[in-house]
Amino acid sequence: MTSSSSPSQDTQRFAHSYAEGLRADALMEEDVAWSHEIDGDRDGDQFDRSERAALRRVAGLSTELEDVTEVEYRQLRLERVVLVGVWTSGTAQDADNSLAELAALAETAGALVLDGVIQRRNEPDAATYIGSGKAVELRDIVLESGADTVICDGELSPGQLIHLEDVVKVKVIDRTALILDIFAQHAKSREGKAQVALAQMQYMLPRLRGWGQSLSRQMGGGKGGGLATRGPGETKIETDRRRIREKMAKMRREIADMKTGREIKRQERKRNKVPSVAIAGYTNAGKSSLLNRLTGAGVLVENALFATLDPTVRRAETPSGRLYTLADTVGFVRHLPHHLVEAFRSTMEEVGESDLILHVVDGSHPNPEEQLAAVREVIRDVGAIDVPEIVVINKADAADPLTLQRLMRIEKRSIAVSARTGQGIQELLALIDNELPRPSVEIEALVPYTHGKLVARAHDEGEVISAEHTPEGTLLKARVHEELAADLQPYVPVPTV
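We now turn to the structure provided with this report. (Residues numbered from 1 in each chain as written. Predicted model: local features only at pLDDT ≥ 70, side-chain atom pairs only at ≥ 80, totals over all residues. Heavy atoms only, no water.)

**A word on the overall build of the protein**
Right, so step 1: The helix and strand tally for the protein stands at 17 helices and 13 strands.
Right, so step 2: Within the span of the protein, comprising 497 residues, buried residues form 43% of the whole.
Right, so step 3: Taking contacts inside the protein between residues at least 6 apart in sequence as the whole, the part at least 24 apart equals 67%. (Helix = DSSP H or I, 4+ residues; strand = E, 2+ residues; numbered from the N terminus. Buried < 20%, exposed > 50% of the residue type's maximum accessible area, 1.4 Å probe, protein only. Contact = heavy atoms within 4.5 Å.)

**Thoughts on the sheet that holds strand S8 (residues 356–362)**
Right, so step 1: Strands sit in the order S6-S7-S5-S8-S9-S10 across an open sheet of 6 strands; the sheet is mixed. Two strands lie at the open edges of the sheet, namely strand S6 (312–317) and strand S10 (414–416), each paired on one side alone. On average, each strand axis in the sheet is inclined to that of its neighbour by 25°, with strand direction left out of account.
Right, so step 2: With 6 bridges joining them, S8 and strand S9 (residues 389–394) adopt parallel strand pairing. (Pairing = 2+ DSSP bridges. Axes fitted to C-alpha atoms, helices over the stretch in contact; angles between N-to-C directions.)

**Observations concerning the sheet that holds strand S11 (residues 441–447)**
Hydrogen bonds between backbone groups are what pair the strands of a sheet, and the pairing can be parallel or antiparallel.
Right, so step 1: Taken in spatial order, the 3 strands line up as S11-S13-S12 in an open sheet, and their pairing is antiparallel. At either end of the open sheet lies a strand with only one pairing partner, and these are S11 and strand S12 (463–469). Neighbour-to-neighbour, the strand axes of the sheet open up by a mean angle of 10°, direction not taken into account.
Right, so step 2: Pairing geometry for S11 and strand S13 (residues 474–480), over 7 bridges, is antiparallel. Bridging from a neighbouring strand, Leu-446 pairs with Leu-475 of S13.
Right, so step 3: Contacts from helix H16 (residues 452–461) reach S11, S12 and S13 within the one sheet, and its direction differs from that of S13 by about 35°.

**Quick word on helix H4 (residues 92–108)**
Right, so step 1: If you check H4, its first and last C-alpha atoms are 24 Å apart, about what 17 residues at 1.5 Å a residue would give, namely 24 Å.
Right, so step 2: When H4 is considered as a whole, its buried residues turn out to be Ala-95, Asn-97, Ser-98, Leu-99, Glu-101, Leu-102, Ala-103, Leu-105, Ala-106 and Thr-108.
Right, so step 3: Next to the buried residues of H4 lie strand S1 (80–87), strand S2 (112–120), strand S3 (149–152) and helix H7 (175–186).
Right, so step 4: Following H4 by one or two positions, Gly-110 has its phi on the positive side, about 100°. (Expected span 1.5 Å × (residues − 1).)

**Quick word on the environment of Ile-151**
Right, so step 1: One can find Ile-151 in strand S3.
Right, so step 2: In this structure Ile-151 touches Val-81, Val-82, Leu-83, Val-84, Leu-102, Ala-106, Ile-173, Asp-174 and Leu-178, once residues within four positions along its chain are discounted.

**Here we look at the pattern of salt bridges**
Right, so step 1: Per the counting criterion, the structure on display carries 16 salt bridges.
Right, so step 2: Residue Arg-175 pairs with Glu-101 through a salt bridge whose shortest N-O separation is 2.5 Å. Taken together, the residues span a long stretch of sequence, with Arg-175 in helix H7 and Glu-101 in helix H4 at a distance of 74 residues.
Right, so step 3: The class for Arg-175 is buried, based on a relative accessible area of 3%.
Right, so step 4: In this structure Glu-101 comes out as buried when scored by relative accessible area, which is 12%.
Right, so step 5: Residues Arg-334 and Glu-370 are paired through a salt bridge, measuring 2.9 Å at the closest nitrogen-oxygen approach. (Salt bridge = Lys/Arg side-chain N within 4 Å of Asp/Glu carboxyl O.)

**Focus on the packing of aromatic side chains**
Right, so step 1: In total, this model carries 0 aromatic pairs according to the counting rule given.
Right, so step 2: The side chain of Arg-120 reaches across the aromatic face of Trp-87, ending 4.6 Å from its centre. (Phe/Tyr/Trp six-rings, centres within 6.5 Å; stacked < 30°, edge-to-face > 60°. Lys NZ or Arg CZ within 6 Å of the ring centre and 35° of its normal.)

**Here's the deal with empty space enclosed by the protein**
Right, so step 1: According to the stated counting rule, one finds 1 cavity of 30 Å³ or more in the structure shown.
Right, so step 2: Estimates place the volume of the largest cavity at around 80 Å³.
Right, so step 3: In terms of residue count, the dominant contributor to the lining of the largest cavity is H16 (3 residues).
Right, so step 4: Grouping the amino acids of the lining of the largest cavity by side-chain chemistry returns 5 nonpolar, 3 polar and 4 charged. (1 Å grid on protein atoms, 1.4 Å probe; cavity = no way out; pocket = protein on both sides within 12 Å on 5 of 7 lines; lining within 4 Å. Points joined across faces, edges and corners; volume = space filled by probe spheres on them. Nonpolar A, V, L, I, M, F, W, Y, C, P; charged D, E, K, R; others polar.)

**Points about the layout of surface pockets**
Taking a probe equal in size to a water molecule and rolling it over the atoms shows the remaining empty space.
Right, so step 1: Looking at the largest pocket, its volume works out to about 500 Å³.
Right, so step 2: What lines the largest pocket is a set of 21 residues, and nearest its centre among them are Val-86, Thr-88, Ser-98, Arg-334 and His-335.
Right, so step 3: Among the secondary structure elements, those contributing two or more residues to the lining of the largest pocket are S1, H4 and helix H13 (368–381).

**Details of helix H6 (residues 158–168)**
Right, so step 1: Every buried residue belonging to H6 is among Gln-160, Leu-161, Leu-164, Glu-165 and Val-168, and all of these are buried. One face of H6 carries all of its buried residues, which in axial projection span an arc of 125°.
Right, so step 2: Looking at the packing, one finds that the buried side of H6 touches helix H5 (132–145), S3, strand S4 (171–174) and helix H8 (190–204).
Right, so step 3: Lys-169 occupies a position one or two residues after H6 and carries a positive phi of about 65°. (Arc of directions from axis to C-beta.)

**Section: unusual backbone geometry**
Right, so step 1: One non-glycine residue, Asn-284, lies in the positive phi region at around 65°.
Right, so step 2: Here Asn-284 lies in the loop between strand S5 (276–281) and helix H10 (287–295).
Right, so step 3: With a phi angle near 60°, Lys-395 is a residue other than glycine that sits in the positive phi range.
Right, so step 4: Note on placement: Lys-395 falls in the loop between S9 and helix H14 (401–410).
Right, so step 5: A relative accessible area of 23% means that Lys-395 is categorised as partly exposed.

Structure follows, in structure tokens:
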């Protein structure tokens with residue numbers, strides 16, 4: 001049975017389909033004027049065609065787990081903290097200075113230090129670091145002050161962290177985790193971020209904890225389908241550890257690739273016979289300020305621990321006109337975590353490969369000798385014990401004159417300067433000029449003007465004693481390296497009999 005339609009109905013259908021066709025054509029246009037007839041029934045904000053076609057992430061719907069390295073000790077919410085230290089050796093003043101430095105580290109990480117306590121023991125307690133009785137007293141201090149974090153002045157074992165946390169009922173972290181968090185905040189370059197991430201993963205690996213489903217086992221092995229359940233599978237925490245190891249291996253490869261680039265630049269400087277000077281020292285001793293004063297580098301200067309982490313290499317010139325490179329390295333601190341020493345080894349190699357070390361120490365610090373010892377321990381770890389060293393006692397304008405005299409009496413190769421005021425900077429430049437290795441060959445040559453590149457090389461790579469322009473060429477007298485001396489040898493005047 002067929003049905004017929006009237007002409008008026010066909011006309012209505014055609015008009016409707018024609019309007020729909022216009023609407024479809026209009027929607028295909030990138031920029032279409034708004035029409036009340038077509039768009040009047042729409043509600044809400046409208047989007048351009050490109051925005052409608054794009055993928056948009058909807059917040060709050062993802063069920064994917066966070067990265068396994070983002071465990072609870074990585075996410076340090078340091079707001080209100082109580083410090084605790086164990087005094088095992090040295091004087092009471094040494095213990096107070098150590099806790100004061102921990103307070104400065106906590107403030108650098110963004111924490112508000114509420115209180116600090118020290119426990120006198122021959123050695124830290126194996127279970128709770130400070131002993132079970134003192135842990136209960138610490139819990140009362142935490143409750144009274146309203147703290148949400150306890151920071152211990154030392155590296156705690158995973159067991160000590162767990163047991164102390166069970167007693168005080170708030171988050172417990174150690175000095176190593178605090179320094180790692182500061183490094184994570186301040187690292188800016190790709191290499192610095194990679195080094196910090198590697199150090200964090202090395203620290204977190206033995207400290208992963210299982211919570212609820214993290215201790216459940218996956219399906220066992222087997223070749224079948226869903227019924228293949230022979231043997232217990234690995235737990236979720238074991239899977240996390242395996243993934244962290246894989247990420248650590250990848251990170252090491254990336255750092256090794258970056259190290260190759262650094263070595264190429266270093267070899268290029270050696271090939272061009274450019275001496276190198278490395279600035280090393282305790283954190284906040286004024287290394288970046290000294291670099292800015294000597295070279296005008298414009299590196300960030302801030303009165304904070306580990307304000308700058310990424311190494312900076314700048315070209316400088318001695319008063320006699322000799323070129324050299326000046327490298328600012330990462331700051332050191334007492335008990336610098338060995339994870340960081342290993343991760344930053346490629347950066348610290350700038351110290352080991354240099355021709356001279358400027359060891360910067362804060363002259364206004366209460367115990368500068370301890371700073372010197374801590375830095376030299378790290379320098380020894382990176383194999384730079386044979387590199388000549390100049391002790392630069394910075395902040396001389398704010399230091400006690402008796403302290404300056406004591407340091408300069410103890411350290412025979414030392415100089416007092418102030419990077420802020422410029423005091424002693426000219427004397428330091430002259431000392432650098434004297435201490436840098438000098439070219440081994442002294443030569444006098446009459447270089448034709450057609451070989452002016454040799455004269456330029458003598459200025460860049462050697463030490464020009466005199467240069468006189470004659471009709472035949474440039475009469476050059478200079479100290480140069482053996483390679484350049486061989487190139488200049490054809491132009492050495494033959495002595496007349």
